[in-house]
Amino acid sequence: MTQADLLILGGGLVGSALAVALDAHGISSIVIDPADPDAILAASHDGRASAIAAAPLRMLEAIGLADDLAGKGCPIESIRVSDGLKPGKLDFDPQEGEGALGTMFENRDLRRALMAAAERAPLADVRMKTRAVSVERDAHGVTATLDSGETVRAQLLIGAEGRASPTRDAALLRVARWTYDHAAIVTSLHHEHSHENTAFEIFYPQGPFAILPLRDDENGHRSAIVWSVKRSEEAGMMKLSERGFLAEASKKMGGFLGELGPLGPRFSYPLGFHHAAKITAERLALVGDAAHGIHPIAGQGVNVGFRDVAALVEVLVEGKRLGLDMGDPALLSRYERWRSLDTMMVSIATDALTHLFGLPGGAANAARRFGLSAVDKVPTLKNWFMAEARGESGKVPRLLHGEMA
């Protein structure tokens, strides 16, 4: 198609989920992304795995991905948070009948499922290995010229290209940003004992160390590791032999998963924070990392992006029922109000946790352990954190309940 309701620049996890969700509600889109599908689905492209919270997973299933994701994920049935390996921890366990807190998926499995769903969607025109060389927005609509020479038009432009979004920058939307003196080393490893579907977040002054449950494979029990290290230590950690890396990981883990190995490929990512002051402009809305990028300390990055998708779809569907243009300022204003507070609160919370758990010294350690134990004993606070982990805090869009908007 050369004309659609929305033009989505960026076909990653959030952009493709938006296209599939829009199709399920009778709204058309053209998705433009320069990536090669074969490259981004390869195991060597990205070793990351994502903890998809319960509410966003309900959305993915509601828009038709249940079969594509079946058997690919590992449920997170418990979360253990501790300050180092010392006593004083916070445990999150669902009540009887509540189901898992989330599900761990390898990113390439999520990509494959979303790409398959988008290919099936008659109202989603996904064009990979394609670039928009120019984009114009005005009162009448959005016009983009592609590198093929073709011109496409839409009522609304979506910036979904990630942290370095050129669409956001071209719209002159101001962004608060800073970098942390940390990098995340991401890998997977096998271990002797079962993780029992439990996620562990162990905080050290040098940075958090997360152990996230993956499905067992032919080599046995397996988990994903997200290890925050000082930038000055990043190169050395990446150069360690497998034996040396596993020995260091075993020290961080305290040996509770038994003997470690073999080790999967290692990847390293710089850590930073950014938050757009506004996520809309004339006929433009930002979603996912184009709007906000947070520390992986709470595992909420892609979940916040999926919450953007659910809210935006609900706003646009209700606008369509009223006969409004998809780029109507009233609709964009509603999306802005809905998402700005939620994303700001999550951003502030993750940044505060990053600094709090990075404080050195015995007094800071004792205060953190006391705080974790206190939250563990206060049901109201604990329930709030549980709701946040599930993606069910604040005003929840219908899709996050598993209902069509």
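Our subject is the structure listed above.
Reading the values: the criteria
Residues numbered from 1 in each chain as written. Predicted model: local features only at pLDDT ≥ 70, side-chain atom pairs only at ≥ 80, totals over all residues. Heavy atoms only, no water. Core = buried A, V, L, I, M, F, W, Y, C linked by side-chain atoms within 4.5 Å. Buried < 20%, exposed > 50% of the residue type's maximum accessible area, 1.4 Å probe, protein only. Contact = heavy atoms within 4.5 Å. 1 Å grid on protein atoms, 1.4 Å probe; cavity = no way out; pocket = protein on both sides within 12 Å on 5 of 7 lines; lining within 4 Å. Points joined across faces, edges and corners; volume = space filled by probe spheres on them. Helix = DSSP H or I, 4+ residues; strand = E, 2+ residues; numbered from the N terminus. Pairing = 2+ DSSP bridges. Phe/Tyr/Trp six-rings, centres within 6.5 Å; stacked < 30°, edge-to-face > 60°. Lys NZ or Arg CZ within 6 Å of the ring centre and 35° of its normal. Salt bridge = Lys/Arg side-chain N within 4 Å of Asp/Glu carboxyl O. Axes fitted to C-alpha atoms, helices over the stretch in contact; angles between N-to-C directions.

A. Expanded view of the nonpolar core. One finds Leu7, Leu60, Leu65, Ile158, Phe306, Val313 and Leu316 to be the most contacted residues of the largest nonpolar core, which totals 71 residues. When neighbours within four sequence positions are excluded, Leu65 is seen to be in contact with Val20, Leu60, Ala113, Leu114 and Ala117. Among the nonpolar cores identified, the runner-up in size contains 21 residues, and Val186, Ala199, Leu212 and Val226 belong to it.

B. Here's a closer look at empty space enclosed by the protein. With the rule as written, the count across this model stands at two cavities of 30 Å³ or more. There is about 30 Å³ of room inside the second largest cavity. Taken together, Lys72, Gly73, Cys74, Met104, Phe105, Glu106, Leu214, Arg215 and Arg222 make up the lining of the second largest cavity. Of all the elements in the fold, those that place two or more residues in the lining of the second largest cavity are strand 7 (102-106) and strand 14 (207-217). Here the lining of the second largest cavity gets three residues from one element, more than from any other, and that element is strand 7.

C. The arrangement of the pairing of strand 3 (residues 49-53) in detail. The element strand 3 is extensively covered by neighbouring structure, given that four of its five residues are classed as buried. Bridge count for strand 3 against strand 7 is five bridges, and the pairing is antiparallel. The residue bridging Ala53 from the neighbouring strand is Gly102, located in strand 7.

D. Examining the packing of aromatic side chains more closely. This model, assessed by the stated rule, comprises three aromatic pairs. With a centroid separation of 4.7 Å and 50 degrees between ring planes, the pair formed by Phe200 and Phe256 is classed as tilted. Of this pair, Phe200 sits in strand 13 (residues 198-204) while Phe256 sits in the loop between helix 7 (242-253) and strand 16 (260-263), placing them 56 residues apart in sequence. The exposure class of Phe256 is partly exposed, given its relative accessible area of 32%. Arranged with centres 5.1 Å apart and planes meeting at 80 degrees, the rings of Phe209 and Trp227 form a pair that is edge-to-face. Taken together, the positions of Phe209 in strand 14 and Trp227 in strand 15 (residues 220-230) put the pair 18 residues apart, joining distant regions of the chain. These aromatic residues form a ring-pair network of at least three members: Phe209, Trp227 and Phe245. Between Arg48 and the ring centre of Tyr269, over which it is positioned, the NZ or CZ distance is 4.3 Å. One Lys or Arg, Lys252, reaches over the ring of Tyr204 and ends 4.2 Å from the middle of that ring.

E. Representation of the pattern of salt bridges within the structure. A full pass over the atoms with the stated rule returns 17 salt bridges. Across the pair Asp169 and Arg168 runs a salt bridge whose closest N-O atoms are separated by 3.3 Å. What you see here is one network of salt bridges that share partners, running through Glu106, Arg108, Asp217 and Arg222.

F. Representation of the sheet that holds strand 4 (residues 74-76). The antiparallel open sheet is built from three strands, whose spatial order is 3-7-4. Pairing within the sheet leaves two strands with one partner each, and these edge strands are strand 3 and strand 4. Averaged over all pairs of adjacent strands, the angle between their axes in this sheet comes to 30 degrees, without regard to strand direction. Sheet topology note: the strand 4/strand 7 ladder contains three bridges and is antiparallel. Counted as the bridge partner of Cys74 is Met104 from strand 7. Across the sheet, helix 4 (residues 107-120) lies against strand 3 and strand 7, angled at about 90 degrees from strand 7, the strand it touches most.

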